[in-house]
Every structure is written in C-alpha cells, then in structure tokens.
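An overview of the molecular structure
The residues making up each chain are set out below.
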Amino acid sequence: MARTDRGLALIDQYCRHNAFVDLLGFEFSTHEDGVVSYSLNIQSNHLATPGFTHGGVLTTLLDATMGAGALTLVADDGQVVSTIEMQVNFIQAVHVNDVIVCTSKAIRKGKKVIFMRAEIRNKQNQLIAVSNGSFYPFAAEKAGYTLN
C-alpha cells in the first residue's frame, strides 16, 4: 500500500474519479501492497439475461481490481497504471442479489510492466472467475491527476 502522503492522495484521487466503477456500484477496500478488493451486490441492471450477470461486468470488476492493486505499487512514485492485456476465465454464473468480492494479488513488479492476478468469489467462497493481467505504469499527470 502507498506509504507517502503523495501516494495515498493519488489513490484517493483515483477512487474519487473512477466514474465507471461508481456507475457499476463497486465498493473499494485496500489491504496491503498489491492487494485490494472491490465488492459488488448484483442488481438487475448487471444482468445479461434474466438469470445471469453480464460477463462484461465481471471482466470490468477483475480489470479494476488488478489495476487498483497495481496502482498501490507505484502511487508513491507519482504513477498510475494502464491495462496492457488481460485474460479471463469464467468458472460459474452469478445471479441477481448475489454479493461478490474480487481480490487482487501482485505476481511480479518489473520496471516497465506489473503482472497481476485477481479472482472473484461469492459469499459462499465459491470461485466465480479468475484473471491475469499486465499493467503499464506511467506518470499520473498524463492521466489528468494533480500531484502535490
């Protein structure tokens, strides 16, 4: 997790300005370096069919979680991250009123690429989906953030 005022402020800005995550209703929690989670209570507007959550919602949840986890590794340096690539495996369906939690894990932080993993589980701790992704760190100002 970010250790400087500058890094903590950048993560705070990220959370306050992530409009898409807000639109979908994700709730953010930080844990430690590279480890964050987003939770989501599945509502009818998250469904692709009358019975199942849209895969795009789950993919966004995985991407946002890995990206925020990677952010915690570079925020002290005044950097944010952008997704280079990600791979997703859907394990089982998610239904309306299910509460799911996605948690990230840093696999490797290189100088130019950060490798992350995330998984979604339901409240019964059943695995819903997994993802691996690569993230590119770059100066936060390029993404519109202001640093003190």
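That block above? That's the structure.
Before going into details, it helps to say that this report is about the structure given with it. Source: prediction; values computed, not measured.

**Describing the overall build of the protein**
Helix and strand counts for the protein come out as three helices and six strands. Start at the N end of the protein and walk to the C end: the helices and strands fall as α-α-β-β-α-β-β-β-β. Each principal axis of the C-alpha atoms in the protein carries an extent, and together these give about 45 × 25 × 25 Å. By the burial criterion, 41% of the 148 residues in the protein qualify as buried.

**Points about unusual backbone geometry**
Here asparagine 97, not a glycine, exhibits a phi torsion of approximately 75°, which is positive. Looking at the secondary structure, you find asparagine 97 in the loop between strand S3 (79-90) and strand S4 (99-109). The class of asparagine 97 is exposed, set by a relative accessible area of 57%. Even without a glycine there, the phi angle at asparagine 125 is positive, about 65°. Locating asparagine 125 in the fold gives a position in the loop between strand S5 (114-122) and strand S6 (127-139). Given a relative accessible area of 51%, asparagine 125 falls into the exposed group.

**What about the packing of aromatic side chains?**
Summed over the entire model, instances satisfying the criterion amount to three aromatic pairs. Judged by centre distance (5.1 Å) and plane angle (50°), the rings of phenylalanine 28 and tyrosine 38 are tilted. Of this pair, phenylalanine 28 sits in strand S1 (residues 27-32) while tyrosine 38 sits in strand S2 (residues 35-41); the two residues are 10 residues apart in sequence, bridging distant segments of the chain. Of the residues examined, phenylalanine 28 reaches a relative accessible area of 26% and is grouped as partly exposed.

**Thoughts on the nonpolar core**
Burial of nonpolar side chains together is a common tendency in soluble globular proteins. With 37 residues, the main nonpolar core has Phe26, Tyr38, Ile100, Ile114 and Ile120 as its most contacted residues. Where this core is concerned, the elements lending two or more residues are helix H1 (5-17), helix H2 (19-24), S2, helix H3 (55-74), S3, S4, S5 and S6.

**Description of the pairing of S4**
Of the strand pairs in this sheet, S2 and S4 are connected by five bridges, and their pairing is antiparallel. Within the sheet, the bridge partner assigned to serine 39 lies in S4 and is valine 101. Relative to S5, S4 is paired through nine bridges, and the arrangement is antiparallel. Opposite isoleucine 100, over in S5, you have asparagine 122 as the bridge partner.

**Looking at the sheet that holds S6**
Judged by pairing direction, the sheet is antiparallel, and its six strands sit side by side in the order S1-S2-S4-S5-S6-S3 without closing on themselves. Since the sheet does not close on itself, it has two edges, and those belong to S1 and S3, each with one partner. Across the sheet, the axes of successive neighbouring strands diverge by a mean angle of 25°, strand direction being ignored. Pairing between S3 and S6: 11 bridges, direction antiparallel. Bridge assignment links glutamine 87 to a residue of S6, and that residue is asparagine 132. In the packing of H3 onto the sheet, the strands contacted are S1, S2, S3, S4, S5 and S6, and the crossing angle to S3 comes to about 140°.

**Considerations on the pairing of S2**
With five of its seven residues buried, S2 lies for the most part within the structure. Pairing geometry for S1 and S2, over five bridges, is antiparallel. Pairing of serine 29 across the sheet is with serine 37, part of S2. Remark: two residues form the turn of the hairpin made by S1 and S2, two consecutive strands paired antiparallel; glycine 34 in that turn has positive phi of roughly 80°.

Rules behind the numbers
Residues numbered from 1 in each chain as written. Predicted model: local features only at pLDDT ≥ 70, side-chain atom pairs only at ≥ 80, totals over all residues. Heavy atoms only, no water. Helix = DSSP H or I, 4+ residues; strand = E, 2+ residues; numbered from the N terminus. Buried < 20%, exposed > 50% of the residue type's maximum accessible area, 1.4 Å probe, protein only. Phe/Tyr/Trp six-rings, centres within 6.5 Å; stacked < 30°, edge-to-face > 60°. Core = buried A, V, L, I, M, F, W, Y, C linked by side-chain atoms within 4.5 Å. Pairing = 2+ DSSP bridges. Axes fitted to C-alpha atoms, helices over the stretch in contact; angles between N-to-C directions. Contact = heavy atoms within 4.5 Å.

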